[in-house]
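Residue-level structure breakdown
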Amino acid sequence: MDCDSNKITRDYFDSLLLEMRHIDSVMPDTKVTLFGQEFSTPVATAALSHLNNTAPDGMANMALGAKMAGALCFSGMGGKDEIKAMCDTGAKVIKIIKPHKDNAAVISKIREAEEAGAFALGMDIDHAFSSTGDYDVVTGLPMRPKSSDELRSFIESTKLPFIIKGVLSVKDALKCLEIGVSGIIVSHHHGIMPSAVPPLMVLPEIRKVIGDKMPIFVDCCIENGMDAFKALALGADMVCVGRAIMDPLRENGAQGVCDKITAITGELRSTMARTGASKLNDIDGSVIHKRDF
Ligand SMILES: Cc1cc2nc3c(=O)[nH]c(=O)nc-3n(C[C@H](O)[C@H](O)[C@H](O)COP(=O)(O)O)c2cc1C
């Protein structure tokens, strides 16, 4: 039995089929508003990191590419100069901070991102443990799980919206509601745990308990506009694309990222048009049929 969470997630995406609804349909609009800011597309760049090792000015160019496409940009771990360079492109950047063992290090990262001009903040709570039964250590930095009280203290330490990344259960989603987070990213962090449930499989239940109280982002294995559509249809407000923008970034810098997001958005628009959705809020989960053959 193959327990690779990325493969399982890919297979799940591909098991979802769409009916078509053409009568009365129009060319759709993909605009979306998040925390008072309008974006041209619900397709964001995922919280990637270390891209300067693989592409010149990789992190800043990811941000610039997102801005050129009218998209939101997430950022993963990285230093003060890096987040500043990303924000200086004019992109709206959400900085995802690691669950450092030392809470003072978390607060210091919050201050750095605020000073750089970040649009919002967050934490990838799923990086607390390693696969060998220890606590995680990321680039030499020790990590720890965070309690509801610790997360609440981070949220209360900033005026910026604070998002939790790595929610993959109704239980955690409910805790996020209780502690007052501003949004969640339903994700298994490109397979941080084997046999992780595909994000789209738990998304409808999570949306049911969250209602419209906060935005829901989804990532993991989103490669094209059809994947994006399926995530939006099952309850996401926005989707994040990680590995699929890395080759375009390496090959063509910011323009490569912009072109990839624009292409995914075009495929999304096409799928919306063919399923009778004229705007994102019109996307209707009932067009989805689960393959059973
Ligand atoms: C090179 C690379 C670096 C990443 N760095 C971070 C990080 O620092 N923080 C984080 O929360 N997620 C990080 N991620 C995970 C992504 O944000 C995302 O959850 C994951 O890649 C799934 O999306 P994808 O299938 O579209 O790549 C990283 C992923 C990649 C590929």
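Shown above is the structure to which this text applies.
Predicted model only: the values in this text are computed from it and were never measured.

**Re the nonpolar core**
- Residues Ala66, Cys73 and Val239 are the most contacted members of the largest nonpolar core, which totals 87 residues.
- Among the elements that take part in this core, helix H9 (residues 246-274) stands out by supplying nine residues, more than any other.
- Look past the residues within four positions of valine 239 in its chain and what remains in contact with it is Pro42, Val43, Ala44, Phe217, Val218, Asp219, Ile222, Ala228, Ala231 and Leu232.

**Brief notes about unusual backbone geometry**
- Of note in this structure, histidine 50 is not a glycine but carries a positive phi near 60°.
- The topology assignment puts histidine 50 in the loop between strand E4 (43-48) and helix H2 (58-68).
- For histidine 50, a count of 13 C-beta atoms within 10 Å translates into the label partly exposed.
- Its identity as a non-glycine residue notwithstanding, threonine 139 has a phi of 45°, on the positive side.
- Note that threonine 139 resides in the loop between strand E8 (137-138) and strand E9 (141-142).

**Structural notes on the sheet that holds strand E10 (residues 162-167)**
- Ordered by their spatial adjacency, eight strands build a closed barrel running E4-E5-E6-E7-E10-E11-E12-E13, and the pairing between neighbours is parallel. Neighbour-to-neighbour, the strand axes of the sheet open up by a mean angle of 25°, direction not taken into account.
- Relative to strand E6 (residues 93-97), strand E5 (residues 73-75) runs parallel, the two being bridged by three bridges. Directly across from serine 75, in E6, lies its bridge partner lysine 95.

**Here we look at the pairing of strand E11 (residues 183-186)**
- What you see with E11 is no split at all: Gly183 and Ile185 on one side and Ile184 and Val186 on the other are buried throughout.
- For E10 and E11, the ladder comprises four bridges, and the chain directions are parallel. Note that in E11 the partner of valine 167 across the bridge is valine 186.
- In the classification by handedness, the crossover that spans E10, the intervening helix H6 (residues 170-179) and the parallel E11 is right-handed.

**Concerning the site of the ligand**
- Around the ligand, 21 residues are found, and the nearest of them are Ser49, Gly76, Asp124, Gly242 and Arg243.
- The biggest single contributor to the shell around the ligand is E4, with three residues.

**Comments concerning the packing of H2 against helix H3 (residues 80-88)**
- Interaxial distance between H2 and H3 falls to 8 Å at its minimum, and their mutual angle equals 25°. In terms of their interaxial angle, H2 and H3 are classed as roughly parallel. The interaxial crossing formed by H2 with H3 has right-handed handedness. Residues Met59, Ala60 and Ala63 of H2 touch H3, and the partners they reach there are Glu82, Ala85 and Met86.
- Partitioning the contact of H2 with H3 into residue classes produces five nonpolar, no polar and one charged.

**Digging into helix H4 (residues 103-116)**
- Its 14 residues give H4 an end-to-end C-alpha distance of 20 Å, which sits within 8% of 20 Å, the value for a rise of 1.5 Å per residue.
- For H4, the complete set of buried residues consists of Val106, Lys109, Ile110 and Ala113. For H4, the buried positions fall inside an angular range of 105° around the axis, keeping them on one side. Seen from the buried face of H4, the exposed residues on the opposite side, beyond 90 degrees, are Ala104, Arg111 and Glu115.
- Looking at the packing, one finds that the buried side of H4 touches H3, E6, strand E7 (120-124) and helix H5 (148-156).
- Once H4 ends, the next one or two residues include glycine 117, with phi positive near 100°.

Analysis parameters
Residues numbered from 1 in each chain as written. Predicted model: local features only at pLDDT ≥ 70, side-chain atom pairs only at ≥ 80, totals over all residues. Core = buried A, V, L, I, M, F, W, Y, C linked by C-beta atoms within 7 Å. Buried ≥ 20, exposed ≤ 12 C-beta atoms within 10 Å, placed from the backbone. Helix = DSSP H or I, 4+ residues; strand = E, 2+ residues; numbered from the N terminus. Contact = placed C-beta atoms within 7 Å. Pairing = 2+ DSSP bridges. Axes fitted to C-alpha atoms, helices over the stretch in contact; angles between N-to-C directions. Right-handed = clockwise from strand over helix to strand, strands pointing away. Near = placed C-beta within 6 Å. Parallel < 35°, antiparallel > 145°, perpendicular 65-115°, else oblique. Left-handed = near helix turned anticlockwise from the far one by under 90°. Nonpolar A, V, L, I, M, F, W, Y, C, P; charged D, E, K, R; others polar. Expected span 1.5 Å × (residues − 1). Arc of directions from axis to C-beta.

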